[in-house]
Amino acid sequence: MVDDKTYREYVEILKEELVEAMGCTEPIALAFAGAKIREVLGGVPRRVVAKCSGNMLKNVRCVVIPNSGGMTGIATAVWLGIFGGCVQANMDVLQEVGEEARRLMREQVKAGTCKVEHLASDIPLHIIVEAQTDEHSASLEIRYSHLNITDIIRDGQVVFHKEDAGEYSAENPADRSLLNLPDIKEFADAVNLDDVKSLIEDQIRCNMDIAYEGMAGNFGVGLGRVIKKSYPEGVTSRMKAYTAAASEARMGGCEMPVVINSGSGNQGLACSVPVIVYARENNISRDKLYRALVFSNLLTIYQKNFIGCLSAFCGAVSASCSAGVALTYINGGTLDMLAATIDNTMANIPGILCDGAKVSCAAKIATSLDAAIMSHYMVMNGAYYQAHTGIIQEGADETISSVGYIGRVGMSQTDKELIQILLDS
């Protein structure tokens, strides 16, 4: 059994990470900044400058912003937040946007009153928004995570400053250094479900609702329906189809929230929807499903702790890997079998390029899930890749660390080159 400190920290990690967000989280961060700067100014600005890191530019350029009327782009996100955003709603900042706010946003976007600049920063998620009314000026800075405001200046005076606390916006973030595979398994086995039940139930409700909406609606290319129609009938096809459909709906502007993981809706979907579909189709008890989702969510957070919030490493890989390992967990897998499922997945797809948020993220999720599910079935049939097969290390924790290092450090130049290609296109 994990000790009391680890238990408390794991619960807090889940509370910090499993939150609702409507729409892709990068434009939502810009909408939040827009809503906050209007609050600071006490009115609607005449002009705005949005300075964004390369990863922010990459992840906002193609994705449809919810409640925008099908529009994309940084200026859209900022002005929609200014006219219709609710700061108190946090990642659901755009949930109450009405037609008048959309009309005003369209006018400002057409007039070009939001200047977008590339912010040369080593921080992947970095935003500075500057704005002026006739009477006042203000600037606001967000660093590392989507709601992590570090500085607010009004009329040249600092009205808020927070010392740089790294990648987490919580005042005293839970200690993610305590995460490791054996303790994650022990915690999932033993956690009092009352401590996490509301979080997991919200995740099941939100993420499955948008999956059904994605299957029924007109989003992207309809990948979920293509998979369901074209592949042999079975639980594997349905796990991939419903998760892909949920991602397409979210990337395509669906106005339904998802419960995110590691600051990402797609990762929240990839680590939960396949597990839920599998459990429902195999009559897995609700308690066992809850524990499997606790396991999958924590394993995703653990992997992303090494990779970082935004990088050239597609988060679909780590989140889908966690879902595959959760299938092994549901089926009574030992710690060695869980580790082998991780190693099998990373022997296959230790990195897919992230070229920005868009509807084709759904295809990357489906591909990653295919590899993770195959890894699960391999383990259940006694097929394990051995240490030092490519990137695989002596233990799964070391493999996770090594893959994370590649994603955060090794692919940093790749990320810069990707961003430049996208900016030039």
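Computed from a predicted structure; not experimentally measured.

Chemist: Looking at this model, I keep getting lost on the pattern of salt bridges. Mind explaining?
Modeler: Pairing is possible between side chains of opposite charge, provided their charged atoms come close. On inspection of all chains with the given rule, the structure shows 22 salt bridges. Linking Glu12 and Lys15 is a salt bridge whose minimum nitrogen-to-oxygen distance equals 3.7 Å. With a gap of 3 residues between them, Glu12 and Lys15 both fall in helix 1 (residues 4-17), about one helical turn apart. For Lys15, a relative accessible area of 43% puts it in the partly exposed group. Between Asp370 and Lys240 there is a salt bridge, and its shortest N-O distance comes to 3.0 Å.

Chemist: Honestly, the pairing of strand 2 (residues 47-52) in this entry has me stumped. Any pointers?
Modeler: The two faces of a sheet get side chains in turn, since along a regular strand they alternate between them. Pairing of strand 2 with strand 4 (residues 126-132), which is carried by 6 bridges, proceeds in the antiparallel orientation. Opposite Lys51, over in strand 4, you have Ile128 as the bridge partner. Both strand 2 and strand 3 (residues 114-118) contribute to a ladder of 5 bridges, which runs parallel. The residue of strand 3 that forms the bridge with Cys52 is His118.

Chemist: Looking at this structure, I do not really get the sheet that holds strand 7 (residues 157-161). What am I missing?
Modeler: The strands that make up a sheet are held in pairs by hydrogen bonds between backbone atoms, and each pair lies either parallel or antiparallel. Spatially, 3-2-4-5-6-7 is the arrangement adopted by the 6 strands of the open sheet, whose pairing is mixed. The sheet is open, and its two borders are formed by strand 3 and strand 7, each paired with just one other strand. Direction aside, the axes of adjacent strands within the sheet are offset by 15° on average. Docked against the sheet, helix 2 (residues 25-41) engages strand 2, strand 4, strand 5 (137-143) and strand 6 (149-154), running at close to 145° with respect to strand 5.

Chemist: Help me out: how do you make sense of the pairing of strand 5 in this one?
Modeler: Within strand 5, 6 of the 7 residues are buried, leaving the element largely enclosed by the surrounding structure. Relative to strand 5, strand 4 is paired through 7 bridges, and the arrangement is antiparallel. Counted as the bridge partner of His126 is Arg143 from strand 5. Counting the residues in the hairpin turn of strand 5 and strand 6 gives 5 residues, including Tyr144, whose phi is positive at 75°.

Cut-offs applied
- Residues numbered from 1 in each chain as written.
- Predicted model: local features only at pLDDT ≥ 70, side-chain atom pairs only at ≥ 80, totals over all residues.
- Heavy atoms only, no water.
- Salt bridge = Lys/Arg side-chain N within 4 Å of Asp/Glu carboxyl O.
- Helix = DSSP H or I, 4+ residues; strand = E, 2+ residues; numbered from the N terminus.
- Buried < 20%, exposed > 50% of the residue type's maximum accessible area, 1.4 Å probe, protein only.
- Pairing = 2+ DSSP bridges.
- Axes fitted to C-alpha atoms, helices over the stretch in contact; angles between N-to-C directions.
- Contact = heavy atoms within 4.5 Å.

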